[in-house]
Every structure is written in C-alpha cells, then in structure tokens.
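Breakdown of the fold
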Amino acid sequence: MSDSLAQAVQADFQQRYSYAPLLVRAPGRVNLIGEHTDYNAGFVLPAAVDKEMVFAVGLNGGEQIRLFAHDLNESLELPNAADISPTETHWANYLLGVAAQFQLRGVAVPGFDCVLAGTVPMGAGMSSSAAVECGLAYALNELLKTGFEKMDLARMAQLAEHTYAGVQCGLMDQFASVFGRAGQVVRLDCRSLDYQYFPFDTQACRIVLVNSGVKHSLASSEYNTRRKECERGVSVLQQHYPEITALRDATMEQLEAHRSELGGTVFRRCSYVVQENARVEAACRHLEAGDLAAFGKEMNASHAGLRDDYEVSCVELDVLAEAALAAPGVFGSRMMGGGFGGCTINLVAPDKVDAFIESVSAAYEKRFGRRPETYQTTIVDGVGAV
Ligand code: GLA
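Residues numbered from 1 in each chain as written. Predicted model: local features only at pLDDT ≥ 70, side-chain atom pairs only at ≥ 80, totals over all residues. Heavy atoms only, no water.

A separate point is the overall build of the chain. Helix and strand counts for the chain come out as twelve helices and 13 strands. Its C-alpha radius of gyration of 21 Å places the chain within 12% of the 21 Å reference for a compact globule of 386 residues. Seen through its principal axes, the chain has C-alpha atoms that stretch 60 × 55 × 40 Å. Out of the 386 residues in the chain, the part that is buried amounts to 58%. Sequence separation of at least 24 residues holds for 71% of the intrachain contacts in the chain that already meet a minimum separation of 6. Put simply, the chain shows about 15200 Å² of open surface, and 47% of that area lies on carbon and sulfur atoms. (Helix = DSSP H or I, 4+ residues; strand = E, 2+ residues; numbered from the N terminus. Rg over C-alpha atoms; globule rule 2.2 N^0.38 Å. Buried < 20%, exposed > 50% of the residue type's maximum accessible area, 1.4 Å probe, protein only. Contact = heavy atoms within 4.5 Å. Areas by Shrake-Rupley, 256 points an atom, 1.4 Å probe, with all protein chains shown as cover.)

Put into structure tokens, the structure is as follows:
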C-alpha cells in the first residue's frame, strides 16, 4: 500500500469528522488456478496482492453512519446504524452489508464513519468488493472488540456480498483478502476450510495481469446461473450416488454414466468443475516440485475449460490468453475470477516481462484498437491495521 494513499485517507477522515480514525488496509487477490470451484466445495489457489483498499474508520459516538468514497468523491449518510438495508449507492452496499452481518450476530453496531480509497481496479476480477468488505469487517471487529476469528470475518464478508450485492459467491475472494500471506499462495479446501501455504517468489516468476477492460453487465446474473447449474448436476447425481453432496465428490466416470440425464449444458458445467479440481491438486504438486512449465499447462487447460465448457470467458479474454501463449517467456495464461471480462493472469519469466507485455498488448490492439492495462503484482499479507 502506498503510504501516501493511507495518509490521504487519514487526513480526509480527520478533516471531515475531526477525530482520529483506525487505519486499515485490505488487499485484492489473484487466483493462480481453481476457478468456480469454491462454491462446489472444491479447491482454490489464490494470493493477496499489492492492489489494495485503505480505510479510515472510527466510532462517532452517535447513531449515524457516514461513508465517503475518496476516489469517487461520493458520500452516503444514514441516520441510524441500527436500521440499515441495501441502498441505491452501489459501493456503499458492500460496507452496509458487513455492518448488517455484525448485527445478525447480535452485535449492536453504533454510529461509525468510514473513508475509503484504493488501487484495486474495479471490475477487473481482482476482488475489489471483497477487499472493501474485508477491510470494514476487520475495522469493526477491532473497534467494537467483538473478537470474531479471521474465518468468521471472511464468512461475514462473503454473506455481505450475498445479501447486499446479490452475488452468491463462494469464499475464495474474502478468504484470500483475510488470510493472504506475503510471498505465499494459499490452497483452500472450500469444504473443510483447511488451508496450506506454498512459497511463491514473484522475483523468480512474475505474475502479470492483463486487463481486458471489459466489465460485463451479465457477470453477476450469469454467475448465479452457473451456481444453479452445478446444483442441478449434484441433484441428478445424488439420485444414483447418495454420497455426492457437491461436485467435489463427483468423478468424470459418474458424469459420463449419466450424461443424457444431466443434459448437455449441465454435463459440460459439471465436467469443467470436476476437471478443474483435479488441476488444482496437480498444480500444487508441480509448484512443490518447482515445475513452472507443468504448472502453466494446468493454467492453460483451465482457460480452455472456462471458455468451452463453463462458458464464462469472452472474446477479449480469449484473445489475451491466446496471444499470451504465443508471447515469449510465458509459463501459463488464463482468465481469472468470475469471468465475462476482467483480467487474464499470466506467469512470465522475469527477463521476458517487457517483451511479453509488448507482444500481448500489440495483439490486443490489433484486434480491438486499444492497448490493455497491465499490472505486475507482488504477493502481500492479508487485511490488517496500517
Ligand atoms: C468470483 C467469486 C468467487 C469465485 C470466483 C470464480 O470471484 O466471488 O467466489 O467463485 O468468482 O472462481
């Protein structure tokens, strides 16, 4: 986090509300592999990155909630913290949804003030919304001394997204923003919630994100549709294999055996998920063995599955992923996050990064007439006080 941004947010808070706030930072995330597996009780491999949100938060001694989005120069005030519901102000809902989660757990949330700003690009698939949720969850937990565990905070942030943003997301983004660790990626088992850190040296292998610049308006409704299609698959399989309670438990053989009953679309959705789970496990073995080439192949296969079977890519992302494979120094490339836009994630040899960016940007420009934004990220710690 740039110190100057934190200072600006702090100064803004102090000037608006005339008392000293708690300063908190919460990172966005990348996900190396394991997409759309979290809500299927499967595996993901995210990391918190140095694109972050920063918050100044304080209890104002009254009943009001006062929110100010520094980057947008927009504010929202609510008369009574005890009486909140989703508003028309999109960015504020992520914060209000978190406050509502404290209340649902029996915490009387008093009036508070919050100024936020950040460097997580919006709609880029880097979980700016999870960073917003997790930052406020952390801040309120500190200020109200509620003592919630880190996993509770991640789940409260996830439920805020469900209830106040209408996206039935899994736990990955909020988990990564809370549990991230500098220099490590973390594999989460989304069923048991066990997790394991793996060292990832971004000096030895760069993580380069290329932003398609596409913010697909269908993203959240299609996301919820995918979730339903997976649930449909589980309910069909369950009639034959009662032990299957999530796609995590299914095999390709079982899917093949009931292909016609599942129907073409649900079959393809389910087979993507089953294969992606296997890819995460294989990728972690490659990472431990230091085999980046094999790791990258899993990423490429992940992209193909997301494009052809899960159908959450878009032509801009496909062009970027394809251009990456032709570019110098690339281990692997795929779309990242929920899909329908946002970034590709690319693992690139450090001495080839400039050539990679030039090559992919040129291919994108040739096709779409503009150059994409790119970000080289490093892996940082999860949410915390500044
Ligand atoms: C979004 C959701 C996550 C996850 C990804 C896809 O980022 O918030 O829970 O499902 O999409 O892997």
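Quick look at the site of the ligand now. Around the ligand, the surrounding shell consists of R29, E35, H36, D38, Y39, C169, G170, M172, D173, Y223, G337 and G338. Take E35: an N or O atom from its side chain is 2.7 Å from an oxygen atom of the ligand. One nitrogen or oxygen atom from the side chain of D173 is found 2.6 Å from an oxygen atom belonging to the ligand. (Near = heavy atom within 4 Å. Polar contact = N/O pair within 3.5 Å; in protein donor to acceptor, adjacent residues only side chain to side chain.)

With antiparallel pairing, three strands are arranged side by side in an open sheet as β2-β7-β8. The strands lining the two open edges of the sheet, one partner per strand, are β2 (43-44) and β8 (195-199). Where strand β7 (residues 184-189) lies against β8, five bridges are found, and the strand directions are antiparallel. When the sheet's bridge partners are listed, L188 is paired in β8 with Y195. Helix α5 (residues 172-179) rests against β2, β7 and β8 of the sheet, and its axis sits at about 60° to β8. (Pairing = 2+ DSSP bridges. Axes fitted to C-alpha atoms, helices over the stretch in contact; angles between N-to-C directions.)

A positive phi angle, close to 65°, is found at S127, a residue other than glycine. The exposure class assigned to S127 is buried, which follows from its relative accessible area of 8%. Even without being a glycine, K145 presents a positive backbone phi close to 50°.

Another aspect to go through is the pattern of salt bridges. Oppositely charged side chains may form a pair once their charged atoms are brought near each other. Scanning all chains against the criterion turns up 19 salt bridges. Note that E52 and R25 form a salt bridge whose closest N and O atoms lie 2.6 Å from each other. With E52 in strand β3 (residues 46-59) and R25 in strand β1 (residues 22-31), this pair connects stretches of sequence that are 27 residues apart. There is no split in this pair, since E52 and R25 are both buried. With its nearest N and O atoms 2.8 Å apart, the salt bridge here joins R307 to D308. What emerges from the salt-bridge pattern is a single network uniting E222, R226, E229, R268, R269 and E311. (Salt bridge = Lys/Arg side-chain N within 4 Å of Asp/Glu carboxyl O.)

What follows deals with the environment of V319. Relative to the helices and strands, V319 is located in helix α11 (residues 315-326). Taking the C-alpha atoms as reference points, V319 and Y138, separated by 181 residues in sequence, lie 39 Å from one another. In this structure, V319 is in contact with Y364, R367 and F368, ignoring residues within four places of it in sequence.

Bringing the environment of E256 into the picture now. Relative to the helices and strands, E256 is located in helix α7 (residues 252-257). The class for E256 is partly exposed, based on a relative accessible area of 40%. Sequence separation between E256 and F267 is eleven residues, and the spatial gap between their C-alpha atoms is 8.2 Å.

Looking now at the packing of helix α4 (residues 150-165) against α5. One way to put it is that α4 packs onto α5 with a least axis distance of 8 Å and a crossing angle of 140°. With respect to their mutual orientation, α4 and α5 come out oblique. Pair α4 / α5 crosses with right-handed handedness. Residues K150, M151, A154, A157, Q158 and E161 of α4 touch α5, and the partners they reach there are Q174, F175, V178 and F179. Among the residues forming the contact of α4 with α5, the class breakdown is six nonpolar, two polar and two charged. (Parallel < 35°, antiparallel > 145°, perpendicular 65-115°, else oblique. Left-handed = near helix turned anticlockwise from the far one by under 90°. Nonpolar A, V, L, I, M, F, W, Y, C, P; charged D, E, K, R; others polar.)

The next subject is the UniProt feature "site: Transition state stabilizer" (unreviewed entry) in the chain. As recorded in UniProt, the sites labelled "site: Transition state stabilizer" (unreviewed entry) are R29. Within the fold, R29 resides in strand β1. Accessibility expressed as a relative area gives 3% for R29, which makes it buried. Every residue in contact with R29, bar those within four places of it in the chain, is listed here: P46, A47, A48, V49, G125, M126, S127, M172, D173, A176, M336 and G337. A polar contact of 2.8 Å, which involves the side chain of R29, links it to the backbone oxygen of G125. (UniProt positions renumbered as here; feature names shortened; annotations may be inferred.)

Let's shift gears to the sheet that holds strand β5 (residues 74-78). Pairing is mixed in the open sheet, where six strands are placed in the order β5-β4-β6-β3-β1-β13. At either margin of the open sheet sits one strand with a lone partner, and together these are β5 and β13 (384-385). One ladder, built from five bridges, connects strand β4 (residues 65-69) with strand β6 (residues 112-118); its direction is parallel. Opposite R66, over in β6, you have D113 as the bridge partner. Of the strands in this sheet, β3, β4, β5 and β6 are in contact with helix α2 (residues 90-104), which crosses β4 at around 140°. Running over the sheet, α5 touches β1 and β3 and is turned about 125° from β1.

Counting residues in hydrophobic clusters, the biggest one holds 83 residues, and the most contacted among them are L45, L67, F102 and F112. Discounting chain neighbours no more than four positions away, the residues touching F112 are V57, G58, L59, N60, Q64, I65, R66, L67, A99, L136 and L140. Counting residues in each nonpolar core, the second largest holds 27 residues, with Y39, L255, C314 and L317 among its members. (Core = buried A, V, L, I, M, F, W, Y, C linked by side-chain atoms within 4.5 Å.)

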